[in-house]
Amino acid sequence: MRRLNGSLHASPCANTGSRKTAASPSAREEITAVDPVPLYLVPHTVTVEVKRFGGAISELHVTRGGRHMYGIAVVVRE
């Protein structure tokens, strides 16, 4: 952190875009599946999302919900 006009500001990271920091919400965008999917559809849904976003995916989260349903969240780089 450094001071700019008396306020603390995070220094930009070397691996992000134009003067963005890894902590800023604009450095990434999160896309989530609208409806939970059953366990047997998790591999298919993940495959569809990987084909859709390709190498832009930085994170993939699968969380268990109720009744054997799973939520899938895909985080892509801008």
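Remember, predicted model here, so these are calculated numbers, not experimental data.

Draft legend 1. View of the nonpolar core. Counting seven residues, the largest nonpolar core consists of Val37, Val42, Val46, Tyr70, Ile72, Val74 and Val76. Secondary structure elements with two or more residues in this core: α1 (42–53) and β6 (69–77). Of the residues forming this core, the biggest block, four residues, is contributed by β6.

Draft legend 2. Structural view of the environment of valine 62. Mapped onto the fold, valine 62 is located in strand β5 (residues 57–64). Among the residues examined, valine 62 registers a relative accessible area of 42% and is labelled partly exposed. A sequence separation of eleven residues divides valine 62 from alanine 73, and the C-alpha atoms of the two residues are 6.5 Å apart.

Analysis parameters
- Residues numbered from 1 in each chain as written.
- Predicted model: local features only at pLDDT ≥ 70, side-chain atom pairs only at ≥ 80, totals over all residues.
- Heavy atoms only, no water.
- Core = buried A, V, L, I, M, F, W, Y, C linked by side-chain atoms within 4.5 Å.
- Buried < 20%, exposed > 50% of the residue type's maximum accessible area, 1.4 Å probe, protein only.
- Helix = DSSP H or I, 4+ residues; strand = E, 2+ residues; numbered from the N terminus.

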